[in-house]
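This is what each chain is made of:
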Amino acid sequence: MSRLFSPIQLGGLSLPNRLVVSPMCQYSAKDGVPQPWHWKHLGSMSTSGAGLVIVEATAVVPEGRISPDDTGLWNEAQEQAFAKLITDIRTYSPTAMGIQLAHAGRKAGTLPPWIEGGRALKDGEIDWNIGAPSALPFAEGFRTPAALDEAGMARVRAAFTEAARRAHRAGFDSVELHAAHGYLLHEFCSPIANKRADQYGGSLDNRLRFPLEVAADLRAAWPRDKALGARISGSDWTEDGFDADQAAVFAERLKDLGYDYVCVSSGAIAPGIHIPGREPGYQVHLSETVKAKARLTTMAVGMIAQPELAEQILAEGKADMIAIARGVLDDPNWGHHARARLGDPPAPQPQYARAAPDLWPGYTLAHQLD
Ligand SMILES: Cc1cc2nc3c(=O)[nH]c(=O)nc-3n(C[C@H](O)[C@H](O)[C@H](O)COP(=O)(O)O)c2cc1C
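Summary of the structure given here.

Parameters and conventions
Residues numbered from 1 in each chain as written. Predicted model: local features only at pLDDT ≥ 70, side-chain atom pairs only at ≥ 80, totals over all residues. Heavy atoms only, no water. Near = heavy atom within 4 Å. Polar contact = N/O pair within 3.5 Å; in protein donor to acceptor, adjacent residues only side chain to side chain. Areas by Shrake-Rupley, 256 points an atom, 1.4 Å probe, with all protein chains shown as cover. 1 Å grid on protein atoms, 1.4 Å probe; cavity = no way out; pocket = protein on both sides within 12 Å on 5 of 7 lines; lining within 4 Å. Sits in = over half its atoms within 2 Å of the grid points. Nonpolar A, V, L, I, M, F, W, Y, C, P; charged D, E, K, R; others polar. Salt bridge = Lys/Arg side-chain N within 4 Å of Asp/Glu carboxyl O. Helix = DSSP H or I, 4+ residues; strand = E, 2+ residues; numbered from the N terminus. Buried < 20%, exposed > 50% of the residue type's maximum accessible area, 1.4 Å probe, protein only. Contact = heavy atoms within 4.5 Å. Axes fitted to C-alpha atoms, helices over the stretch in contact; angles between N-to-C directions. Parallel < 35°, antiparallel > 145°, perpendicular 65-115°, else oblique. Left-handed = near helix turned anticlockwise from the far one by under 90°. Points joined across faces, edges and corners; volume = space filled by probe spheres on them. Core = buried A, V, L, I, M, F, W, Y, C linked by side-chain atoms within 4.5 Å.

**What to know about the site of the ligand**
In the vicinity of the ligand there are 16 residues, among which S22, C25, Q100, M303 and R326 approach most closely. A325 places a main-chain nitrogen or oxygen 2.9 Å from an oxygen atom of the ligand. When the ligand sits alone it has 600 Å² of accessible area, and the protein chains cover 81% of it. Using a 2 Å cut-off from the grid points, one finds that the ligand occupies the largest pocket. Looking at side-chain class alone, the shell around the ligand contains 8 nonpolar, 5 polar and 3 charged residues.

Right under this line is the structure:
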């Protein structure tokens, strides 16, 4: 049995394997409510062979959405729709379903990426009052956020807690706190976006204070018999930014709070920063540092498209789990094909079993194998 397809325990959640479908925004919701596309997309992700599917960055307040088409979890209609989605998926797939809870901070309020290049919406096009650690726009053309005051921070904390309760009632197995990719919680962590002079800015302890307050609230609201994790940033890819050593401190504190894992990603705190070498596994060393220093279960992510690379990362102890995004969009049977490549017994969706690699002679032709 490969490492990739060996079981793992995440808090109270037993997973049959270490393959995770990474959260992916679909920009296809209406008023934060998932739509037929989400049934199609998450349905196919749930039969991909992954042990855990994480639903896209889902906003905890309306003004925390990246675009008006993001999913949300701040009201009853959204909760009911997600509950129906999970119930429907459970009729055909035992795959664990998680959700990423998010607030886009100063990057909130853009068009979906395929409309006008995903440009920022202007005053007059949108009436959201966006908030961030400091009153600094993300880039030219973006609206200037208000620096969150105590009341604003309290509102964000309460919204994360409320969304977690809704996620639990909707039937999700895990929650992932989004603290990466230049969104609100990463903005607090990073000296690039956080220029505060109060107890929430300056030193690493101060910058981590608000993300850890949110994380602690979430821990209190999320049941221990499920899984709770966070996506953190391992690098801003600039010398004066957040880095893997700081991420390891963040991860260690999350572990002390009772978090079950971190997924180590990077980048996107500000535009125009060059990311050296986007080659396969380019973020794995960040997971490796965080795992070695914080001794917390980690997921590696980023340009891991080959099953053999995923297996090697796990064998070398650089991560405990592998999250894949584009590879599974490109091939929604990625997990089944990976099993075949790594020599694991097939575990097909019964309805599709006649096309499983070991039963269908066409497989070797389709995948150009000897
Ligand atoms: C369509 C798309 C949507 C994404 N949305 C999210 C998201 O909602 N939350 C998140 O943390 N990352 C998001 N990402 C980043 C992925 O989760 C992943 O970290 C990144 O694509 C690198 O992995 P990959 O090389 O396997 O695609 C998205 C990526 C893609 C391609």
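**A short note on the pattern of salt bridges**
In total, this model carries 19 salt bridges according to the counting rule given. Note that D123 and R143 form a salt bridge whose closest N and O atoms lie 2.8 Å from each other. You can see D123 sitting in the loop between β5 (96-102) and β6 (131-132) and its partner R143 sitting in the loop between β6 and β7 (146-147), a full 20 residues away along the chain. You can call D123 exposed: its relative accessible area is 61%. Relative accessible area serves as the criterion here: at 15%, R143 is assigned to the buried category. Measuring nitrogen to oxygen at the nearest pair gives 2.9 Å for the salt bridge that ties D320 to K291. Taken as a pair, D320 in the loop between α8 (307-315) and β12 (321-324) and K291 in helix α7 (residues 284-294) lie far apart in primary sequence, 29 residues in all. Overall, the relative accessible area of 14% leaves D320 in the buried class. In this structure, a network of salt bridges that share partners links the residues E76, E79, E162, R166 and R169.

**Details of helix α10 (residues 334-342)**
All of the buried residues along α10 are W334, G335, H336, H337, A338 and R339. On the buried face of α10, the contacting elements are β3 (19-21), α8, β12, α9 (326-330) and α11 (362-366). Following α10 by one or two positions, G343 has its phi on the positive side, about 80°.

**Quick notes on the packing of helix α6 (residues 244-257) against α7**
Between α6 and α7, the shortest axis-to-axis distance is 8 Å and the interhelical angle comes to 50°. Classified by the interaxial angle, the pair formed by α6 and α7 is oblique. Note on packing geometry: the crossing formed by α6 with α7 is right-handed. Residues A244, D245, A247, A248, A251, E252 and K255 of α6 pack against L286, T289, V290, K293 and A294 of α7. Considering only residue class, the contact of α6 with α7 consists of 7 nonpolar, 1 polar and 4 charged.

**Details of the layout of surface pockets**
Estimates place the volume of the largest pocket at around 1,200 Å³. P23, H181, R231, A325 and R326 are the residues nearest the centre of the largest pocket, which is lined by 45 residues in total. Where the lining of the largest pocket is concerned, the elements lending two or more residues are β12 and α9. Split by residue class, the lining of the largest pocket holds 26 nonpolar, 14 polar and 5 charged. Around the second largest pocket, the lining is made up of 24 residues, and of these P16, G49, A50, P94 and T95 lie nearest the centre.

**Here's the deal with the nonpolar core**
Residues L101, F172 and I232 are the most contacted members of the largest nonpolar core, which totals 79 residues. Contacts of F172, omitting those with residues within four sequence positions, involve V55, F82, I86, M97, G98, I99, A167, W222 and K226. By size, the runner-up hydrophobic cluster in this structure holds 15 residues, among which are I8, V20, L52 and M321.

**Considering the side chain of D320**
Within the structure, the side chain of D320 is placed 2.9 Å from the side chain of K291, a separation counted as a polar contact. Here D320 is in contact with I8, R18, K291, L296, T297, T298 and L314, once residues within four sequence places are set aside.

**Examining the packing of helix α2 (residues 76-90) against helix α3 (residues 150-170)**
Their axes nearest at 8 Å, the elements α2 and α3 cross at an angle of 35°. Relative to α3, α2 is oriented so that their crossing is right-handed. Between α2 and α3, the residues in contact are E76, E79, F82, A83 and I86 and R166, R169 and A170, respectively. Here the contact of α2 with α3 is built from residues that sort into 4 nonpolar, no polar and 4 charged.

These figures capture arrangement, not role.
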